[in-house]
Amino acid sequence: MSAHIYVSGDTAAPSFNLTNKNLSYIFRVSPEGILEHLHFGSRVEPSAHYPSGPKRLHRSCTLDFQDSKLYSLSDVPQEYPVFGTSDNRTPALHVINADGNTTQVFRYASHRIVDDKPMLDGLPCARGGDSKTLLVTIVDEVAQLSVELSYTIYADHDVVARSSQVFNNGERSVSIEQAMSSCLDLPAAEYDLLHLRGTWARELNQERMTVPQGRFILESATGTSGNVHNPFVALMDKSTTEQHGRVFATAFVYSGNFAINIEKGEFDSVRVTTGINPFNFRWRLGAGESFTTPESLQVFSGAGLNGMSQIWHEFIRQKVSPLEFYKQPRPTYLNSWEAAYFDIDEDKVLELADRTKALGLEMLVVDDGWFEGRNDDTSSLGDWYSDSAKFPNGIETVAQKVKQKGLKFGLWYEPEMVNPESQLFRQHPDWIIGVPNRISSKGRNQLTLDLSREEVQDYLFERIDSVLSSGHIDYVKWDMNRNMSEIGSFALNVDQQLETPHRYMLGLYRLVDKIISKYPNVLFENCASGGNRFDLGMLSFMAQGWVSDMSEPIGRLPIINGASYLFPPSVLASYICPVPSHLNGRKVSLKTRAEVGFFCAARGVSLNAEDVDQDFEGLTRYAKMYRETADDVVNGYFYRVQYDQNEVVWQLNSEDGNTVYLGYFHILSAANLPFRKAHLVNLDAAKQYRLVDSDLSFGGDALMNMGLDLPYVCAMQQSDADYLEKGDFASRLFVFKRT
Ligand code: DGJ
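Okay, so let's go over this structure.

## Looking at helix α12 (residues 616–635)
No. 1: Taking 1.5 Å per residue as the helical rise, α12 with its 20 residues ought to reach 28 Å, and the 29 Å between its terminal C-alpha atoms agrees with that figure.
No. 2: Along α12, the residues classified as buried are Gly618, Leu619, Tyr622, Ala623, Met625, Tyr626, Thr629, Ala630, Asp632, Val633, Val634 and Asn635.

## A short note on the site of the ligand
No. 1: Among the 13 residues in the neighbourhood of the ligand, the closest are listed as Asp367, Asp368, Lys477, Asp479 and Asp549.
No. 2: The contact in question runs from an oxygen atom of the ligand to an N or O atom on the side chain of Trp412, over 3.1 Å.
No. 3: For the ligand, a nitrogen atom lies 2.7 Å from a polar atom in the side chain of Asp479.
No. 4: Starting from 290 Å² of accessible surface for the ligand in isolation, the protein chains cover 98%.
No. 5: Its residues placed into classes, the shell around the ligand shows four nonpolar, three polar and six charged.

## Quick word on helix α1 (residues 304–320)
No. 1: Taking 1.5 Å of rise per residue, 17 residues should cover 24 Å, and α1 covers 23 Å from first to last C-alpha, within 8% of that figure.
No. 2: Within α1, 16 of the 17 residues are buried, which leaves it mostly tucked inside the rest of the structure.

## Quick word on the nonpolar core
No. 1: Judged by nonpolar contacts, the single largest core of 190 residues is most densely connected at Phe232, Leu235, Ile262, Met308, Trp312, Trp370 and Phe567.
No. 2: Beyond its immediate sequence surroundings of up to four residues, Ile262 is in contact with Leu193, Val211, Gly214, Arg215, Phe216, Leu218, Val233, Leu235, Val270, Arg271 and Val272.
No. 3: Core analysis: the next-biggest nonpolar cluster, separate from the first, contains 19 residues, Tyr664, Tyr689, Leu724 and Phe736 among them.

## Observations regarding the pattern of salt bridges
Here the idea is simple: oppositely charged side chains can pair when their charged atoms come close.
No. 1: Following the criterion strictly, the structure yields 44 salt bridges and no others.
No. 2: Across the pair Lys514 and Asp458 runs a salt bridge, and its minimum N-O distance is 3.9 Å. With a gap of 56 residues between them, Lys514 in helix α7 (residues 500–518) and Asp458 in helix α6 (residues 454–468) connect regions that are remote in the sequence.
No. 3: Through salt bridges with shared partners, one network takes in Asp87, Arg89, Asp185 and Arg271.

## Some remarks on the packing of helix α10 (residues 590–597) against α12
No. 1: Between α10 and α12, the shortest axis-to-axis distance is 11 Å and the interhelical angle comes to 15 degrees. One way to sum up the angle between α10 and α12 is to call them roughly parallel. Considering only the axes of α10 and α12, their crossing is right-handed. Residues Leu590, Lys591, Arg593, Ala594, Glu595 and Gly597 of α10 form the contact with α12, whose own contacting residues are Gly618, Leu619, Tyr622 and Tyr626.
No. 2: Grouping the amino acids of the contact of α10 with α12 by side-chain chemistry returns five nonpolar, two polar and three charged.

## Remarks on the side chain of His195
No. 1: In this fold, His195 is placed in strand β11 (residues 191–197).
No. 2: A distance of 2.8 Å separates the side chain of His195 from the side chain of Glu207, its partner in a polar contact.
No. 3: Those residues within four positions of His195 in sequence are excluded, and the remaining contacts are Asn205, Gln206, Glu207, Met209, Phe216, Leu218, His229, Phe232 and Val233.

## Brief notes about the environment of Pro553
No. 1: Mapped onto the elements, Pro553 comes out in helix α9 (residues 553–563).
No. 2: Note: C-alpha distance between Pro553 and Arg215 (338 residues apart in sequence) is 36 Å.
No. 3: Setting aside residues no more than four positions away along its own chain, Pro553 makes contact with Cys577, Val588, Thr592, Arg593 and Val596.

## Some thoughts on the environment of Gln66
No. 1: Among the structural elements, Gln66 can be located in the loop between β4 (35–42) and β5 (93–96).
No. 2: Here the alpha-carbon distance between Gln66 and Ile262, two residues 196 residues apart in the chain, equals 27 Å.
No. 3: Those residues in contact with Gln66, other than ones at most four positions away along the chain, are Val105 and Arg107.
No. 4: A distance of 2.7 Å separates polar atoms of two side chains, one belonging to Gln66 and the other to Arg107.

## Remarks on the packing of aromatic side chains
Aromatic ring pairs are defined here through the distance separating the ring centres and the angle between the ring planes.
No. 1: Here the structure, examined in full by the defined rule, presents 39 aromatic pairs.
No. 2: An angle of 55 degrees between the planes, with centres 5.0 Å apart, marks the rings of Trp283 and Phe291 as tilted. Like Phe291, Trp283 is buried.
No. 3: Aromatic pair Phe534 and Phe567: ring centres 4.8 Å apart, planes at 85 degrees, arrangement edge-to-face. Taken together, the positions of Phe534 in the loop between β27 (523–526) and α8 (538–541) and Phe567 in the loop between α9 and β29 (572–576) put the pair 33 residues apart, joining distant regions of the chain.
No. 4: Its guanidinium or amino end placed over the ring of Phe461, Lys514 lies 4.4 Å from that ring's centre, counting from NZ or CZ.
No. 5: The cationic tip of Arg621 hangs over the ring face of Tyr622; the distance from NZ or CZ to the ring centre is 5.4 Å.

## Here's the deal with the pairing of strand β7 (residues 131–140)
No. 1: Of all 10 residues in β7, eight are buried; the element is thus mostly enclosed.
No. 2: Judged from the eight bridges that link them, strand β6 (residues 107–115) and β7 form a sheet pairing that is antiparallel. From the neighbouring strand, Arg107 faces β7, where its bridge partner is Val139.
No. 3: For β7 and strand β8 (residues 145–154), the ladder comprises 10 bridges, and the chain directions are antiparallel. Each residue of the ladder has a partner; that of Ser131, found in β8, is Tyr154.
No. 4: The hairpin formed by β7 and β8 contains four residues between the paired strands, and Gln144 there has a positive phi angle of roughly 55 degrees.

Scoring rules and cut-offs
Residues numbered from 1 in each chain as written. Predicted model: local features only at pLDDT ≥ 70, side-chain atom pairs only at ≥ 80, totals over all residues. Heavy atoms only, no water. Helix = DSSP H or I, 4+ residues; strand = E, 2+ residues; numbered from the N terminus. Expected span 1.5 Å × (residues − 1). Buried < 20%, exposed > 50% of the residue type's maximum accessible area, 1.4 Å probe, protein only. Near = heavy atom within 4 Å. Polar contact = N/O pair within 3.5 Å; in protein donor to acceptor, adjacent residues only side chain to side chain. Areas by Shrake-Rupley, 256 points an atom, 1.4 Å probe, with all protein chains shown as cover. Nonpolar A, V, L, I, M, F, W, Y, C, P; charged D, E, K, R; others polar. Core = buried A, V, L, I, M, F, W, Y, C linked by side-chain atoms within 4.5 Å. Contact = heavy atoms within 4.5 Å. Salt bridge = Lys/Arg side-chain N within 4 Å of Asp/Glu carboxyl O. Axes fitted to C-alpha atoms, helices over the stretch in contact; angles between N-to-C directions. Parallel < 35°, antiparallel > 145°, perpendicular 65-115°, else oblique. Left-handed = near helix turned anticlockwise from the far one by under 90°. Phe/Tyr/Trp six-rings, centres within 6.5 Å; stacked < 30°, edge-to-face > 60°. Lys NZ or Arg CZ within 6 Å of the ring centre and 35° of its normal. Pairing = 2+ DSSP bridges.

Coordinates in, geometry out; function isn't part of it.
In structure tokens form, the structure reads like this:
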């Protein structure tokens, strides 16, 4: 069944049902002309009338909407609400009109339906395909403003993509204080919310909590989407589990300041508004101009959180990730960062390349430290020329030599930054994000370049292009290691200073788009001190991301688990780190390091020559395993089977379902533990699954309904075959073949 948009009711006040085989998104125009939200959830057959709930309220302290007696917006679910005309909840739009007040009333004016999905100008967004888009225009004649709301429904994805475009139809400027991309008003109920929170090296940790009365805000104001809250939230019934129940989720396709407001109002309905963070934001909208919000994606699952994740994973792979790479097995690699840090030169690169080759890995990545004067993190960002002492023949020549060994070559950049200690800053001190007469705070000794300026974008394009045009670069790690501070642009007018962060994002997207359009076959990896900008905006340009600097696998377990709520394994990168971990000092076996990393599509190592030689045999074995399973992981289906403080079980089914990987991770050891089972999911109940390297075979029904006995730690154990290895941080990767 394909995507449909049904319009019913009378032409002045129609109802809309956007539907596919599973899903309906329904709203109507009320007699007052207000867009009232009716339903987001399981499919509802198109109809002339839908139940729309009581609207006539007799409640003290509740305002009637204008002169429509007994109609109040205070508890009416709406599509794009404003403040101050009987609804005092968080608005979707808040504008200072040309006459100085903030009152607007938007009424339905018209709609049109188009095949497929229009792309957003200058902003990343999901691709269309088998989809239909409804564009609804609402107008305020007094304020001389209109908004076009865009809704795309897909045939094969239970996703509704939304964005809004605000038009100033008047002759004077107005000031947009808040323009959210979407509003979802859910009916009164007790909900839980799940979000992904963290900080550096502890990104994307899941937190599930009751939706409280009042306003709970997930946000960033750092100029990045950030690592404190990810621009994603899932609301669900309290009874929802990983496998069962209703989930309503939102993810924002944007990499800068965002806000997701979850507001449980006085009558217990819950409003979720998603968009650019209104805090520290203001946009002057001149006469005749329009402002386009980024895209907000809504998902509904009736099959629990795993069901939700399956929808996100498929959608992100097929509609968000770059087409060139989303199905491509990722090259296994050696990255120089934890192997050598800044102590890198031509000889060392070639030495690491030899190890890369000997291990059977496919790509060598030269991380930080290759450009002019960069010997530590105090200088040189901005000076994107090969360091003449370390690479006298240029990085391109080294890349060529590495490629002659039969390897791919990857290179690190941090284009958006500049050290005060650099040629670039000395030449262009005003090219930074900053404000007059203030000292700019540094982060990692660096400042943020003002990417809202075209000349800055052009400089960076020219520098990166000069290396990529050699044709020897297969992969770029695009890093970004500080948040914004003292936010302003020396190129913008006084009354536009608060536009800086969004203009920065538009400039960044423009630059990245220009580079990637010229080099579509170069694999880009998104990184921002790990996961400080791990969002669907960046991931629509870059096929994968360095999800966290926490390379130690036990520290990485909650990060990958949390990430998996939204992100498929195809966008996750990982590597086998040195021991003890440089991040937390933990000593973890090669087996566990390799088996946790297994669940990310981009897999490699970051080890120096000595470490490689010491574990050569094991590393070679895992490199082979990584190569041989690369296709299964990039195209497979990932499920969370179990997650608690001490035990984690993940499952990955290959695309054809013939191979099933079950990773079991046991964090702290203990003696005499209870026996435990893992219930596998999404197997073929009628088929047998043979456990590789054993003579055991189980029915799919048995593995799902009875569960697989998990290995056990035993003080008296003779071998590791039936038991888990003794000690902390143990793991076991079971591989089943469907027969
Ligand atoms: C931060 C990244 O997250 C690391 O992987 C590494 O690339 C360093 N930057 C290099 O400075």
